[in-house]
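What follows is the residue order along each chain.
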Amino acid sequence: MVNRYIKGIFLLLLVLTGVNAYAGQWEKHEYKSGDFTLPYQLFTPTDTKSALPLVIVLHGSYEAGTDNQQHMLKGTNIGPDYFASAKVQNLKQAYVIAPQTPVDIRWASTAIAPYDLATTPITPSMDALLKLIDETVKNSPVDASRIYIAGLSRGGQGVWNAALHRPELFAAIAPIAGSGSPKDAERLIKLPIWAFHGNQDEITKVEYTREMIDAIIKAGGTTALVRYTELEGGNHADSWLTAYHGTELWQWMMNQHKN
């Protein structure tokens, strides 16, 4: 009886304090692809005996660099900090990869605006990232039917780009305030998508996300798979502050599986 009481008090304290009962840890790594080196951190949960989902999270321009730290946004509940937090990992444990691209190399294209996938070479960062995902799936107990990717701003553009290059790789994507290649939208019609953008975004035009969503629907996509949250009066940051608030995004992701 005493042991049950102590255990009950301990579990209650975990809930009240937000302590992660399934403590995991971040570790710094580098992935080399030819002459290019991609810094990244890998979050490994405690449950490594069963196949778990994998989430890739892409940062924006402010977090770009090669220090393998600026993009972690520790203590902000944004990006990697959100996906490794107790509030979501306690619902469902998952691996998280947080890569970092250099300042002068975008995840996709060379500018903020939409681009043509067919005439735009894949960037060294994106090429390395896709190879890294493949190797992680091969060498870790990852559930290959549950690979997800999310990102904000420059990273939102990267999410669209990763999915356009490898739509079969992902179970769902969450592009936040980023542009894509609307003419190639047909590649994404079978992919669960939840996009976010503020309609007063002063950096990345809201039309960029609207164009992608419209093109996907016109190409044969359905509202059963495509979800779009446009924030009335929302600025650039409001889109990811909304996406990473609460656990709704995480729960939506974890409910998506490839057949």
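These figures come from a predicted structure and were not determined experimentally. Numbering of residues begins from 1 in every chain and follows the order in which that chain's sequence is written. Residues qualify for local features only when their pLDDT is at least 70, as the model is predicted, and side-chain atom pairs are given and counted only at 80 or more; totals for whole chains, interfaces and linings, by contrast, use all residues. With hydrogens and water stripped out, all remaining heavy atoms of the structure feed into the side-chain values.

1. A short note on the overall build of the protein
- Per the convention used, a helix needs a DSSP run of H or I reaching at least four residues, while a strand needs a run of E reaching at least two, with both numbered from the N terminus. Each helix and strand counted, the protein has 8 helices and 8 strands in total.
- When accessible area is computed with a 1.4 Å probe and restricted to protein chains, residues below 20% of their type maximum are described as buried, those above 50% as exposed, and intermediate ones as partly exposed. Within the protein, buried positions represent 52% of all 259 residues.
- Taking the intrachain contacts of the protein between residues at least 6 apart in sequence as the baseline, contacts between residues at least 24 apart amount to 72%.
- Only the protein chains shown count as covering a residue, and every accessible area follows the Shrake-Rupley method with a 1.4 Å probe. Surface summary for the protein: the accessible area is close to 12100 Å², and the carbon and sulfur share equals 53%.
- Positive charges are assigned to Lys and Arg, negative charges to Asp and Glu, while His and the chain termini are left out of the count. A charge is said to be at NZ when it belongs to Lys, at CZ for Arg, at CG for Asp and at CD for Glu. Within the protein, the 25 negative side-chain charges are centred at a point lying 8 Å from the centre of the 22 positive side-chain charges. Residue contacts are counted whenever heavy atoms from the two residues lie within 4.5 Å of one another.

2. A few points about the sheet that holds strand β3 (residues 52–58)
- Strand pairing is assigned whenever DSSP detects at least two bridges linking the two strands. A sheet is described by the order of its strands in space; here 8 strands give the open sequence β1-β2-β4-β3-β5-β6-β7-β8, paired in mixed fashion. Two strands lie at the open edges of the sheet, namely β1 (25–33) and β8 (226–231), each paired on one side alone. The mean angle between the axes of side-by-side strands here comes to 20 degrees, regardless of whether they run parallel or antiparallel.
- Here β3 pairs with strand β4 (residues 95–99) via 3 bridges, running parallel. Axis definition: a line fitted to C-alpha atoms, over the contacting stretch in the case of helices. Angles run 0 to 180 degrees between N-to-C directions.

3. Here's the deal with the pattern of salt bridges
- The rule for a salt bridge is simple: a side-chain nitrogen of Lys or Arg has to be within 4 Å of a carboxyl oxygen of Asp or Glu. Applying the stated criterion across every chain yields a total of 8 salt bridges.
- Notably, a salt bridge pairs D116 with K183, separated by 3.5 Å at the nearest N-O pair. With a gap of 67 residues between them, D116 in the loop between β4 and α4 (124–139) and K183 in the loop between β6 (172–176) and β7 (193–198) connect regions that are remote in the sequence.
- Judged by relative accessible area, which is 22%, D116 ranks as partly exposed.
- Residue K183 is classed as exposed on the basis of its relative accessible area of 60%.
- A salt bridge links E230 to R210; the nearest nitrogen and oxygen atoms lie 2.7 Å apart. Linking E230 in strand β8 with R210 in helix α6 (residues 206–218), this pair joins segments that are 20 residues apart in sequence.
- On the accessibility criterion, E230 (31% relative accessible area) is partly exposed.
- When its relative accessible area of 30% is taken as the criterion, R210 is described as partly exposed.

4. Quick word on the layout of surface pockets
- Within this scheme a cavity is a closed region of a 1 Å grid, computed over the protein atoms alone, that accommodates a 1.4 Å probe without allowing it to escape, whereas a pocket is open but has protein on both sides within 12 Å along at least five of seven lines; lining residues each have an atom within 4 Å of a point. Grid points are joined across faces, edges and corners, and a volume is the space filled by probe spheres set on the points. As a volume, the largest pocket reaches approximately 210 Å³.
- As for the largest pocket, its lining consists of P167, E168, F170, A171, R187, L188, K190, L191, P192, H257, K258 and N259.
- Considered class by class, the residues forming the lining of the largest pocket number 6 nonpolar, 2 polar and 4 charged. In this classification, the charged set is Asp, Glu, Lys and Arg, the nonpolar set is Ala, Val, Leu, Ile, Met, Phe, Trp, Tyr, Cys and Pro, and all remaining amino acids, among them Gly, are polar.

5. A closer look at empty space enclosed by the protein
- This model, assessed by the stated rule, comprises 1 cavity of 30 Å³ or more.
- In this structure, the largest cavity occupies an estimated 40 Å³ of space.
- As for the largest cavity, its lining consists of V57, L58, H59, H71, L73, G79, P80, P99 and L152.
- Its residues placed into classes, the lining of the largest cavity shows 6 nonpolar, 3 polar and no charged.

6. Side note on the confidence of the model for the protein
- When pLDDT is averaged along the protein, the result is 92, and 91% of the positions lie at 70 or above.
- pLDDT gives the predictor's per-residue confidence on a scale running from 0 to 100. Confidence drops under a pLDDT of 50 for residues 1–22, and excluding neighbours within four residues, the segment shows 16 contacts in the predicted structure.

7. Here's the deal with unusual backbone geometry
- We note that N68 has phi near 60 degrees; this positive angle belongs to a residue other than glycine.
- Assignment of secondary structure puts N68 in the loop between β3 and α2 (80–83).
- A relative accessible area of 7% places N68 in the buried class.

8. So, the pairing of β8
- The pairing of β7 with β8 spans 6 bridges and is classified as parallel. Looking across to β8, one finds that F196 is bridged to T229.
- Seen with its strands pointing away from the viewer, a crossover is right-handed if its path from the first strand over the helix to the second goes clockwise. Running through α6, the crossover from β7 to the neighbouring parallel element β8 is right-handed.

9. Examining the pairing of β6
- β6 sits mainly inside the fold: 5 of its 5 residues count as buried.
- Where strand β5 (residues 142–152) lies against β6, 5 bridges are found, and the strand directions are parallel. Considered in β6, the bridge of G151 is made with P175.
- As for the winding sense of the linkage, the β-α-β connection from β5 through helix α5 (residues 154–165) to β6 is right-handed.

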